[in-house]
Amino acid sequence: MPDHAISSRTVAVIGGGPAGLMAAEVLIAHGVAVDLYDAMPSVGRKFLLAGKGGMNLTHSEASAAFLSRYGSRAPQIAPMLQAFGPDALRAWVHELGISTFVGSSGRVFPTDMKAAPLLRAWLKRLRDAGVRFHMRHRWLGWDEAGNLRFATPDGEHKAQSDATILALGGGSWARLGSDGAWLPLLAQHGIAAAPLKPANCGFDIGWSAHFQERFAGQPVKAVVASCVAADGIEYKRQGEFVVTGTGIEGSLIYAMSAHLREQIIRQGNAILTLDLAPGKTFERVLDEVSQPRGARSMASHLQSKVGIAGVKAGLLREVVAKEDYAHPHKLAQAIKALPLQLLATRPLDEAISSAGGVLFETLDEQLMAPAMPGVFCAGEMLDWEAPTGGYLLSACFASGRSAGLGAAAWLQAKDPQ
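A few points on the structure.

Rules used throughout
Residues numbered from 1 in each chain as written. Predicted model: local features only at pLDDT ≥ 70, side-chain atom pairs only at ≥ 80, totals over all residues. Heavy atoms only, no water. Axes fitted to C-alpha atoms, helices over the stretch in contact; angles between N-to-C directions. Helix = DSSP H or I, 4+ residues; strand = E, 2+ residues; numbered from the N terminus. Parallel < 35°, antiparallel > 145°, perpendicular 65-115°, else oblique. Contact = heavy atoms within 4.5 Å. Nonpolar A, V, L, I, M, F, W, Y, C, P; charged D, E, K, R; others polar. Core = buried A, V, L, I, M, F, W, Y, C linked by side-chain atoms within 4.5 Å. Buried < 20%, exposed > 50% of the residue type's maximum accessible area, 1.4 Å probe, protein only. Expected span 1.5 Å × (residues − 1). Pairing = 2+ DSSP bridges. Polar contact = N/O pair within 3.5 Å; in protein donor to acceptor, adjacent residues only side chain to side chain. Phe/Tyr/Trp six-rings, centres within 6.5 Å; stacked < 30°, edge-to-face > 60°.

1. Quick notes on the packing of helix 4 (residues 74–83) against helix 15 (residues 391–414)
Here's step 1: Running from N to C, helix 4 and helix 15 point in directions that differ by 85°, and their axes come no closer than 9 Å. With respect to their mutual orientation, helix 4 and helix 15 come out roughly perpendicular. In this structure, helix 4 uses Met80, Leu81 and Ala83 to contact helix 15, whose residues at the interface are Ser394, Ala398, Ser399, Arg401 and Ser402.
Here's step 2: A breakdown of the residues in the contact of helix 4 with helix 15 according to their chemical character gives four nonpolar, three polar and one charged.

Below you can see the structure in the form of structure tokens.
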């Protein structure tokens, strides 16, 4: 129900992604006037692009496993997801007239797999409720009087608000509006942030010209990848990835990218170990590669005995010394634990998402910055990261809702009558 005590108040929401739109929905429901600003010609640009391959909204796994995907920031994300988790998100999507289903991987999608119908229905609801949208307004910070400054096609525009919610995104996909330009603007006002880093990203390896020409663009299927994180724990996951012209990318790599990135930062490179034959034990592989191959080539021998062919065989040739092919034990070891040396992450702007951002320690429990009372932060600009699989969107929706509720409560406390 609208809160008539704060119905004369106006909140500026800056950023038209899922976090900003959700904050606007919460505030308008409390009777607050909402002006939503975005630098792009239309809202939800990154949301729409992310949905092109199938709009993965959230995940159906158990709450403890779900929360673990947020790593060291799980304690900060937990209250938001407890208030608006995967089930609540699905129910909210259904209220917009969009049905959902759970895929074989446990991921949750709209039935039509598209983002556009959901966004259209949502924007209609917001406009009908009275949210005012201001496009092509790039936020420039505050002036000396505390007014919001925006660069627009018609020159600089200034606006006043009783509270402000910043939902400016991270630093990836700058062409869609998330360019991290807000970092120095907040630092000037005592709102601390961790540097932005690539998350859910690819990595450079430095293939030989032969391997690059032959295998770039090909998927590597049915492998188990593992790496050792900074805490000494080995992380292992089965899946597939894609060979690129410079290295590797894909869902399996994204799931481990945080550990691999931190390893590179720590020591200058990272080792990703691949089991190319996850259905076979080391002993079985050793027995099979030890069999006489007669007149067959080594490539034919590996294909017939172990199922290693194509890009998997290419990876072996790329990493294993030629003389080691004559030693069954060394060859079997390589098939079961092939070390790929990763040299660097791909650039931040290529990453699906970014790590780093506004520190939770500089915000209160309602996501307000005490250094600037009435300023709240939400979405990917906060210092958290998660793998793909619905976890990114879930936290964006949930944090936007939390910031909206926080702003409404703050306004209520200021004007209880």
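2. Overview of the environment of Val319
Here's step 1: As for its position among the elements, Val319 is in helix 13 (residues 310–319).
Here's step 2: Sequence separation between Val319 and Trp207 is 112 residues; the distance between their C-alpha atoms is 9.7 Å.
Here's step 3: What Val319 contacts, discounting residues up to four positions off in sequence, is Leu338, Pro339 and Leu340.

3. Observations regarding the nonpolar core
Here's step 1: Formed by 81 residues in total, the largest nonpolar core has its most connected members in Tyr70, Trp92, Trp139, Leu166 and Trp384.
Here's step 2: Counting residues per element, this core draws most heavily on helix 15, at 12 residues.
Here's step 3: Contact partners of Tyr70, with chain neighbours within four places excluded, come to Ile77, Leu81, Trp384, Glu385, Ala386, Tyr391, Ser394 and Ala395.
Here's step 4: Ranked by size, the runner-up nonpolar core spans 42 residues in total, among them Val220, Ala277, Val285 and Tyr325.

4. Remarks on the environment of Gly404
Here's step 1: On the secondary structure map, Gly404 appears in helix 15.
Here's step 2: The exposure class of Gly404 is buried, given its relative accessible area of 0%.
Here's step 3: Each C-alpha atom, one on Gly404 and one on Thr164, is 9.7 Å from the other, the two residues being 240 residues apart in sequence.
Here's step 4: Once residues within four sequence positions are removed from consideration, Gly404 is found in contact with Ala23, Val26, Leu27 and Ile165.

5. Digging into the environment of Ala313
Here's step 1: Secondary-structure assignment places Ala313 in helix 13.
Here's step 2: For Ala313, a relative accessible area of 21% puts it in the partly exposed group.
Here's step 3: Not counting the four nearest positions on each side in its chain, Ala313 is found in contact with Ile308 and Tyr325.

6. Side note on helix 6 (residues 116–129)
Here's step 1: Spanning 14 residues, helix 6 covers 20 Å between terminal C-alpha atoms, matching the ideal 20 Å at 1.5 Å per step.
Here's step 2: In this structure, the buried residues of helix 6 make contact with helix 1 (18–29), helix 2 (45–50), helix 5 (86–95), strand 6 (132–134) and helix 15.
Here's step 3: Two residues or fewer after helix 6 comes Gly130, characterised by a positive phi angle close to 110°.

7. Quick notes on helix 1
Here's step 1: Compared with an ideal rise of 1.5 Å per residue, which puts 12 residues at 16 Å, helix 1 spans 17 Å between its outermost C-alpha atoms and is within 8% of the ideal.
Here's step 2: Within helix 1, 11 of the 12 residues are buried, leaving the element largely enclosed by the surrounding structure.
Here's step 3: Among the residues making up helix 1, those that are buried are Pro18, Ala19, Gly20, Leu21, Met22, Ala23, Ala24, Glu25, Val26, Leu27 and Ile28.
Here's step 4: The first or second residue beyond helix 1 is Gly31, which carries a positive phi of 85°.

8. As for the sheet that holds strand 9 (residues 155–159)
Here's step 1: Reading across from one edge, 7-8-9 is the order of the three strands in this open sheet, with antiparallel pairing throughout. Taken across any chain shown, the strands that pair with only one partner, and hence form the sheet edges, are strand 7 (138–142) and strand 9. Pairwise comparison of adjacent strand axes, ignoring direction, gives a mean angle of 30° for this sheet.
Here's step 2: Across five bridges, the pairing between strand 8 (residues 148–152) and strand 9 is antiparallel. Each residue of the ladder has a partner; that of Thr152, found in strand 9, is Gly155.

9. Quick look at the sheet that holds strand 5 (residues 107–110)
Here's step 1: With antiparallel pairing, the three strands of this open sheet are ordered in space as 3-5-4. Single-partner strands in this sheet number two, and they are strand 3 (58–59) and strand 4 (100–102).
Here's step 2: Across three bridges, the pairing between strand 4 and strand 5 is antiparallel. Considered in strand 5, the bridge of Phe101 is made with Phe109.
Here's step 3: Sitting on the sheet, helix 5 touches strand 3, strand 4 and strand 5, and the angle it makes with strand 4 is about 145°.

10. What to know about the side chain of Ser226
Here's step 1: Inspection of the secondary structure assignment puts Ser226 in strand 13 (residues 219–228).
Here's step 2: Those residues in contact with Ser226 that lie beyond four places of it in its chain are Glu234, Tyr235, Lys236, Met256, Ile271, Leu272 and Thr273.

11. A few points about the side chain of His137
Here's step 1: Tracing the sequence through the fold places His137 in the loop between strand 6 and strand 7.
Here's step 2: His137 gets classed as buried once you look at its relative accessible area, which sits at 14%.
Here's step 3: Engagement of the side chain of His137 in a polar contact is seen with the backbone oxygen of Met135, the distance being 2.8 Å.
Here's step 4: Beyond its immediate sequence surroundings of up to four residues, His137 is in contact with Tyr37, Asp38, Ala39, Phe150, Ala151, Thr152 and His157.

12. Notes on the packing of aromatic side chains
Here's step 1: All told, the structure shown has 12 aromatic pairs when counted by the stated rule.
Here's step 2: On the numbers, 6.1 Å between centres and 45° between planes, the contact of Phe66 with Tyr70 is tilted. For the pair Phe66 and Tyr70, a shared accessibility class is recorded, and that class is buried.
Here's step 3: Centroid distance Trp92 to Trp122: 4.7 Å. Interplanar angle 80°. Geometry classified as edge-to-face. Residue Trp92 is found in helix 5, and its partner Trp122 is found in helix 6; the two are separated by 30 residues along the sequence.
Here's step 4: The exposure class assigned to Trp92 is buried, which follows from its relative accessible area of 6%.

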